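Observations on the model geometry
The chain contents come next:
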Amino acid sequence: MVYVTLSGLPLSFQLEWPFRKSTSGADFFFLHADIRLEGSAGLHAPVAVNLSATVREVLPSLEAKDVEGPVINALRKEVDRRQLEFVKSGKLVPVQFSSRHYDFKHSKWMFGKASDDDIALLLSRKVYWQTKLAGGTVWVGDPTEALYVETSVAHLLDVARTLESQGLIKLDGERATASSSLMEQAAKFDADMRAALEELEKKHAYERG
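Cut-offs and rules
Residues numbered from 1 in each chain as written. Predicted model: local features only at pLDDT ≥ 70, side-chain atom pairs only at ≥ 80, totals over all residues. Heavy atoms only, no water. Helix = DSSP H or I, 4+ residues; strand = E, 2+ residues; numbered from the N terminus. Rg over C-alpha atoms; globule rule 2.2 N^0.38 Å. Buried < 20%, exposed > 50% of the residue type's maximum accessible area, 1.4 Å probe, protein only. Contact = heavy atoms within 4.5 Å. Lys, Arg positive; Asp, Glu negative; His and termini not counted. Charge placed at Lys NZ, Arg CZ, Asp CG, Glu CD. Pairing = 2+ DSSP bridges. Core = buried A, V, L, I, M, F, W, Y, C linked by side-chain atoms within 4.5 Å.

**Some remarks on the overall build of the protein chain**
- Helix and strand counts for the protein chain stand at seven helices and 11 strands.
- Rg of the C-alpha trace for the protein chain: 17 Å, near the compact-globule value of 17 Å for 209 residues, within the 12% margin.
- With the C-alpha coordinates aligned to their principal axes, the bounding extent of the protein chain is approximately 55 × 40 × 25 Å.
- Of all 209 residues assigned to the protein chain, the portion counted as buried reaches 46%.
- When contacts within the protein chain are restricted to residue pairs at least 6 apart in sequence, those whose partners lie at least 24 apart make up 63%.
- Computing the positive centroid from 26 side-chain charges and the negative centroid from 29, the protein chain places the two 3 Å apart.

Rendered as structure tokens:
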């Protein structure tokens, strides 16, 4: 499954379930993960997701079925914020899976509200990249995507229907097939990815001095 950041980076996530309790004496749980930058020459970001005690309290369980979507979106947001660097090797980087992603007042996850235009671009990129990399149909009604842009699956599908009316995709329920018109925009999507990666690399190069 390919998940795209709002800046246009296509990512896949290898999550090493389950969350494990730290053996260092500290009272926290962690999950190792590897974020792969698809369409690159093997670039990836190995991370250790450190679960804060406050967020652990609101989770129904630490099973993948209850926490996979929020974990993926927390990692995507770290990429959005240019906090993670993609390299060909590298050591694990700690990532805090904390209350900054959770609204306790309203008891819901918060990853940043996106406009309909941003959602349309996100879905277009998702369909393009997954079609290019794996082929087949693409799940555009994914609840993880809805959570990432703070909307509902129903609204995602409304936006997808707009893309269908523009001749970019063909919908069958919650799944989409890319049209030739969408795939002909390869140069644009590839350029978006390169530009986003360049900005991320500039930030980390500056921090290293």
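Still more to cover.
**Re the side chain of asparagine 73**
- Examined against the element boundaries, asparagine 73 turns out to sit in helix H2 (residues 64–80).
- Classification of asparagine 73 as buried rests on a relative accessible area of 0%.
- If sequence neighbours within four positions are ignored, asparagine 73 has contacts with Phe111, Thr144, Leu147 and Tyr148.

**Describing the pairing of strand E5 (residues 44–51)**
- With eight of eight residues buried, E5 is to be regarded as a mostly interior element.
- Burial along E5 is two-sided: the face carrying His44, Pro46, Ala48 and Asn50 and the face carrying Ala45, Val47, Val49 and Leu51 are both buried.
- Looking at chain direction, strand E4 (residues 29–37) and E5 are connected through eight bridges and run antiparallel. If you follow phenylalanine 30 over to E5, its bridge partner there is asparagine 50.
- As judged from the five bridges shared by E5 and strand E6 (residues 93–97), these two strands associate in the parallel manner. Directly across from asparagine 50, in E6, lies its bridge partner glutamine 96.

**What about the nonpolar core?**
- Leu9, Leu75, Phe86 and Phe97 are the most contacted members of the largest nonpolar core, which has 62 residues in total.
- When residues in this core are grouped by element, the largest group, seven residues, is from helix H3 (residues 116–133).
- Not counting the four nearest positions on each side in its chain, phenylalanine 86 is found in contact with Leu9, Leu11, Ile35, Leu37, Leu43, His44, Ala45, Val79 and Leu200.

Geometric values such as these leave the question of function open.
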